[in-house]
Amino acid sequence: MDSATAYIVLSILLVCIGLFFMGLCYYTVYFTKSSGVPFLGGIIVALGFLLSPYKWLALLGLLDFGVWALPYSIISEIMLGKKIRKKFDPIYLDKEYREKEGDEARTILVRIPEREEELEWNYWTRFEYRLRIPKLIFSICHDKEGNRYLLSDTLQKRSEVDIFPFTENIITIAGLKAGKEKHTVEIEIKWKKTERPESKRRVFFDSDEDMENSENPKSSEGSEKPESPEDDSNINSEDNPNNNVKI
């Protein structure tokens, strides 16, 4: 076998391998919700054609999912950020919430039981946290008196930002749709350096049906009001006969 024939065989082999990885990447993205291995198939295909007499066919490597998905992802993130700012910023100003503040003594734990997923983020107020599955944007804010609130939005069509008193350490948002499934999101404020009493819970529902079918316990009644606006660790719920609130 002469060198020309060897290059052709190697080129065909590389192109076949590259096309396999490109197809595998598309399959994993659309059928398994995974990202696959972007760019790998496109690079191998381009290399295979560059070793052949038909070098211009190396442009087929641009069909790799990662080539166009990367700029699409970047542009989508920019557009989503602008959309979130447009919805949340007017509320920050109208309600006169405090400026963005961080607290190294606390973290935010987010649990999604249906996905067996737990996320831990640094504690920031007036900052938009994002969940992709289920889709949820939420922010924790303090007013001038030190009262804490949760702002949330599902970013669905015609959805509005909901504001709820965050007077307890845990809030549960139930009935969030992700495709054909419904998910529950638990948001907990956890202290790092000091021991605190057991977290209390408030439950929010995305629909009346979820509220009726839920078996989540209600929060305790008759607890005290906040003692100090500077330390919201002592904030408990006010008298409330029903903490099941529809979003």
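Structure: above.
Please read all numbers here as calculations on a predicted model, not as lab measurements. (Residues numbered from 1 in each chain as written. Predicted model: local features only at pLDDT ≥ 70, side-chain atom pairs only at ≥ 80, totals over all residues. Heavy atoms only, no water.)

*Asks:* Got a minute to help me understand unusual backbone geometry in this structure?
*Replies:* In most cases, non-glycine residues show a negative phi, while peptide bonds are predominantly trans. Along the chain, I133 connects to P134 via a cis peptide bond; the corresponding omega equals -10°. In this structure, P134 sits in the loop between β3 (129–131) and β4 (136–142). Despite not being glycine, E96 shows a phi value in the positive range, around 55°. Inspection of the secondary structure puts E96 in the loop between α3 (65–95) and β1 (102–112). Residue class for E96 comes out partly exposed when judged on its relative accessible area of 45%. (Helix = DSSP H or I, 4+ residues; strand = E, 2+ residues; numbered from the N terminus. Buried < 20%, exposed > 50% of the residue type's maximum accessible area, 1.4 Å probe, protein only.)

*Asks:* Would you take a moment to explain the pairing of β4 for this structure?
*Replies:* The element β4 is largely enclosed, with a buried count of 7 among its 7 residues. Here β4 shows no split at all, with L136, F138, I140 and H142 on one side and I137, S139 and C141 on the other all buried. Remark: 4 residues form the turn of the hairpin made by β3 and β4, two consecutive strands paired antiparallel. Pairing analysis gives 6 bridges linking β4 to strand β5 (residues 148–153), with the strands arranged antiparallel. Bridge pairing in β5 links I140 to L150. Hairpin remark: β4 followed by β5, antiparallel, with 5 residues in the connecting loop; positive phi at G146, about 90°. (Pairing = 2+ DSSP bridges.)

*Asks:* Would you take a moment to explain the packing of aromatic side chains for this structure?
*Replies:* Note on aromatic pairs: each is described by the distance of the centres and the angle between the planes. All told, the structure shown has 9 aromatic pairs when counted by the stated rule. Measuring from ring centre to ring centre gives 5.0 Å for F127 and Y129, while their planes differ by 80°; the resulting arrangement is edge-to-face. Judged by its relative accessible area of 31%, F127 falls in the partly exposed class. According to the relative accessible area criterion, Y129 is buried, its value standing at 4%. Above the face of the W124 ring, K100 is positioned so that its terminal group lies 4.9 Å from the ring centre. (Phe/Tyr/Trp six-rings, centres within 6.5 Å; stacked < 30°, edge-to-face > 60°. Lys NZ or Arg CZ within 6 Å of the ring centre and 35° of its normal.)

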